[in-house]
Amino acid sequence: MYQRVCFVPGLVLAASGVLALPAAARAAGQSPAVGTAPTVADDVGELRRELETLRQDYASRIAAIESRLLALESGRSAPIASETTPAPEPRPAPQITAAVPAGAATGGAPATLPVYGGGAASSKIFNPDISAIGNFVGAAGPSPGGGEPSLNMQEAELSFQAVVDPYARADFFVTLGPDEVALEEGYITFPALPGGLLTKIGKMRDAFGKVNGQHAHTLPFIDRPLVTTNLTGGEDGLADAGISLARLIPNPWLFLEATGQVYQGSSEVFKAPTRGDVSYVGHLRAYQDVGESTNIDLGGSIAYGHNGATEDSTTRLFGVDATLRWKPLRRSIYTHLLARGELTWSRAGASDGSFDAVGGYGYLEYQFGRRWTAGVRYDSSERAQEPGLRDEGGSFILTYKPSEFSLVRAQYRRTSFADSDSPANELLFQFLFGIGAHGAHPF
Amino acid sequence: MRLLSIATLAVLACVPRAGAAALNVVASTEDLADLTRQVGGDRVRVESISRGYQDPHFVEAKPSFILKLAKAELLVAVGRELEIGWLPPLIQQSRNARIQPGADGYLDASLTAKILEIPTTQITRAMGDVHPLGNPHYWLDPGNGRRVAKAILDKLSRTAPADAAYFASRYADFDKRLADAEKRWDALLAPYKGLKIVTYHRSWPNFADRFALDVIGYVEPRPGIPPSPGHTIDLIAEMKRQNVKILIVEPYFDLKTPQSIGRETGAKVLVLPPSVGGEKEITDYISLFDYDLKLLVAAIQETGAK
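Residues numbered from 1 in each chain as written. Chains lettered and ligands numbered in written order. Predicted model: local features only at pLDDT ≥ 70, side-chain atom pairs only at ≥ 80, totals over all residues.

## Section: the overall build of chain A
Of regular secondary structure, chain A possesses 6 helices and 16 strands. Counting every position in chain A, which comprises 443 residues, the buried fraction comes to 30%. (Helix = DSSP H or I, 4+ residues; strand = E, 2+ residues; numbered from the N terminus. Buried ≥ 20, exposed ≤ 12 C-beta atoms within 10 Å, placed from the backbone.)

## With respect to helix H6 (residues 164–189) of chain B
Its 26 residues place the ends of H6(B) 36 Å apart at the C-alpha level, agreeing with the 38 Å of an ideal helix rising 1.5 Å per residue. Against helix H2 (30–40), helix H5 (142–159) and helix H10 (285–303) of chain B lie the buried residues of H6(B). (Expected span 1.5 Å × (residues − 1). Contact = placed C-beta atoms within 7 Å.)

## Considering helix H8 (residues 229–242) of chain B
Residue and element names in this part refer to chain B. The end-to-end C-alpha distance of H8 is 20 Å, a good match for the 20 Å that 14 residues give at a rise of 1.5 Å each. Residues His231, Leu235, Ile236, Glu238 and Met239 constitute the buried set of H8. Of the residues one or two after H8, Asn243 is the one with positive phi, at around 55°.

## Side note on the sheet that holds strand S8 (residues 268–271) of chain B
All names here are of chain B. If you trace the 4 strands from one edge of the open sheet to the other, you get S6-S5-S7-S8, paired in parallel fashion. The two strands at the open ends of the sheet, each matched to only one other strand, are strand S6 (213–218) and S8. Ignoring strand direction, the axes of neighbouring strands in this sheet form an average angle of 35°. The pairing of strand S5 (residues 195–199) with strand S7 (residues 246–249) spans 3 bridges and is classified as parallel. By the bridge assignment for S7, Ile197 is matched with Ile246. (Pairing = 2+ DSSP bridges. Axes fitted to C-alpha atoms, helices over the stretch in contact; angles between N-to-C directions.)

## Remarks on the sheet that holds strand S4 (residues 106–108) of chain B
All names here are of chain B. Taken in spatial order, the 4 strands of this open sheet run S2-S1-S3-S4, and their pairing is parallel. Strand pairing shows two members of the sheet lacking a second neighbour, strand S2 (44–48) and S4, which therefore form its edges. Averaged over all pairs of adjacent strands, the angle between strand axes in this sheet comes to 20°, irrespective of strand direction. Bridging between strand S1 (residues 23–27) and S2 involves 5 bridges; their strand directions are parallel.

## Looking at the environment of Gly369(A)
Residues and elements named next belong to chain A. By the element assignment, Gly369 lies in the loop between strand S12 (353–367) and strand S13 (372–382). Residue classification places Gly369 among the partly exposed positions, given that 13 C-beta atoms sit within 10 Å. In sequence terms Gly369 and Tyr334 are 35 residues apart; their C-alpha atoms lie 5.3 Å from each other.

## Examining the nonpolar core
As a rule of thumb, nonpolar side chains are buried together in soluble globular proteins. Residues and elements named next belong to chain B. Membership of the largest hydrophobic core comes to 88 residues, with the highest contact counts inside it found for Leu69, Val76, Ile152 and Ile246. Per-element accounting of this core gives the leading share, 7 residues, to H10. Residues in contact with Leu69, not counting those within four places in the same chain, are Val26, Leu75, Leu90, Ile91, Ser94, Asn96 and Ile99. (Core = buried A, V, L, I, M, F, W, Y, C linked by C-beta atoms within 7 Å.)

## Some thoughts on the confidence of the model for chain B
Summing up the model confidence of chain B, the mean pLDDT is 92 and the portion of residues at 70 or higher is 93%. Contacts of residues 6–20 of chain B to residues separated by more than four positions or lying in other chains number 15 contacts, the stretch itself having pLDDT below 50. (pLDDT = per-residue confidence, 0-100.)

## Some remarks on the packing of H8(B) against helix H9 (residues 256–265) of chain B
Residue and element names in this part refer to chain B. For the pair H8 and H9, the least separation of the axes is 10 Å and the interaxial angle reads 40°. The angle between H8 and H9 falls in the class oblique. Judged by the twist between their axes, the crossing of H8 over H9 is right-handed. Across from Thr232, Leu235, Ile236, Met239 and Lys240 in H8, the residues of H9 making contact are Thr257, Ile261, Glu264 and Thr265. Residues that form the contact of H8 with H9 fall into these classes: 4 nonpolar, 3 polar and 2 charged. (Parallel < 35°, antiparallel > 145°, perpendicular 65-115°, else oblique. Left-handed = near helix turned anticlockwise from the far one by under 90°. Nonpolar A, V, L, I, M, F, W, Y, C, P; charged D, E, K, R; others polar.)

## A short note on the pairing of strand S8 (residues 279–290) of chain A
Residues and elements named next belong to chain A. In terms of strand pairing, strand S7 (residues 255–263) meets S8 through 9 bridges, oriented antiparallel. By the bridge assignment, Ala258 is partnered in S8 with Leu284. Where S8 lies against strand S9 (residues 294–306), 11 bridges are found, and the strand directions are antiparallel. What sits directly across from Leu284, in S9, is Gly300. The turn linking S8 back onto S9 is made up of 3 residues, and Gly291 within it adopts a positive phi angle of 75°.

What follows is the structure in structure tokens.
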């Protein structure tokens, strides 16, 4: 209630700012500098200058109107510019527009005053950014395990993101699958707690390596690597309810960030038999620019928790990841190169001892046109509970992006499963399309 | 294990923060960085996130920028959603309460500027990458440079009141130099009022508005959408019909389509940096206009454009 009361005069002020005479607004914009004692001569000079600019402004505007009239009279078609312009304002009067509240999705100067008291008008302004991203995946070719369905609306991700109060923001990502609705992530972030701790509380994807933290629509490939399927929980991955604290480690050389997380123990890998058996994740990230185009990004991760096989059996995961990026700034929208590798070790306890398994992938991608990116991936991973069985595979990936908001992707994937004689040769394709305002993703 | 992680967290929480003498300012672009330097002089230490030869819509949110923001006392942003794809995650990870949007150390430079192309009707992404809050390339009008410098003056004076008089005299000096330069630029451009031009992206409305140029079309069929053959053919026809001889391209766009348009129409393809630092010679805000206008006038004279 308090907020609304405050907001009404705010809107009135903002609206009057828009309605104010342009000249007055301009004069206000050029008021004498703080701390100087302007003389009368200065004032006169300034007034003269302003009059001169106004005169020029109006002269040019009249000239524009005249030329427009001429153009109309001679029956010429509208210039190309107007076809691409969303309603080009006919030489708008100079506006000092402080009125648009930042983050108001509709923007622009309000045509009419909102209706006060009707909850609808002001509540919309506080609506979160909403987006929906569709992820349609198709597959063809034989696969021993059945693999992906031929045509599948794999998921629709809905996101709701907004600032909560002066201290926090919240992000919700809900995935609607073919037969399930799940909270993929939903957390509050305190960006500026004392001590430099970036704190997140809620359901999150664990800070384990690179791929685990990424939503399906941000991956550079259609599927997840074999090591993810075999060792770190597959599509859902390591994601759980918990608390995350991350801090920068000051040092004169590089970007160093340490993250510590505590989770309930209810993911694909970690299952807590009792309330006390929470799981832990630790992550250290080192990043360094090598010139303005190239950078190196290294990470080490550790995860530990009960796995639910027996009352006190646990799983330990260790991971290392390395990324090399190259993107020349002058050509940044046309070309880039990314090389990434991740290795994961798993030691999973069971009723009959514990099993060690190791897996990883290597990925290389190159953007060769504004809309085109090609990638190649090598996969190899043992299975967590079946010692000695190792799956191996490789993929070629081609991505076409018509715009920032949609992409088409094809992936040829060949996999040799340890328990199958003939390799699986599959062709996957994907349509990704997003609408609405989706917050930027971390680098 | 549990003890170990608690101990790690405790250690993480206790590393002290380093202090600084001059006011640490981070600007999202080199234009804003220079305007801050013009007003702040040696009482500020300014760093820019993006480079002048880089497309400011597509900057990568590199962690090294987080380090800059972590110790910033003031962040100056272009606003109007120009940096929507990269600045929010950087601010969020900066752990810096002073520069969060809405806090005292966050300055949206667009709030006092003259903004063009604010949509007045419903917009959709069928129109391309339209900026819903108006065109963010507003710094290309010297009048807006003055307004932004004034906003920076006000912000700096409030952040460091002891230096307010110093900042005010620096601003007055900049204001005067800019006014002198504007006289020079107006004289330079005076013979070419109403000159018809085509630009690659919609980066130049404020520039065109200020210097009385008439932008009749764009190489991009819609903002942010790469050139398409159909649109290029239409554009060539329109340029021939209106006898357009100047095609302005920002330095970060591919020159293939502009050059073929130039061959077809006889127009001069002019690579004009829209930002400070776009070329070595462009060391500050005033030299940005000096550089661009000199090239523009040379091209006009070369092609005999009207």
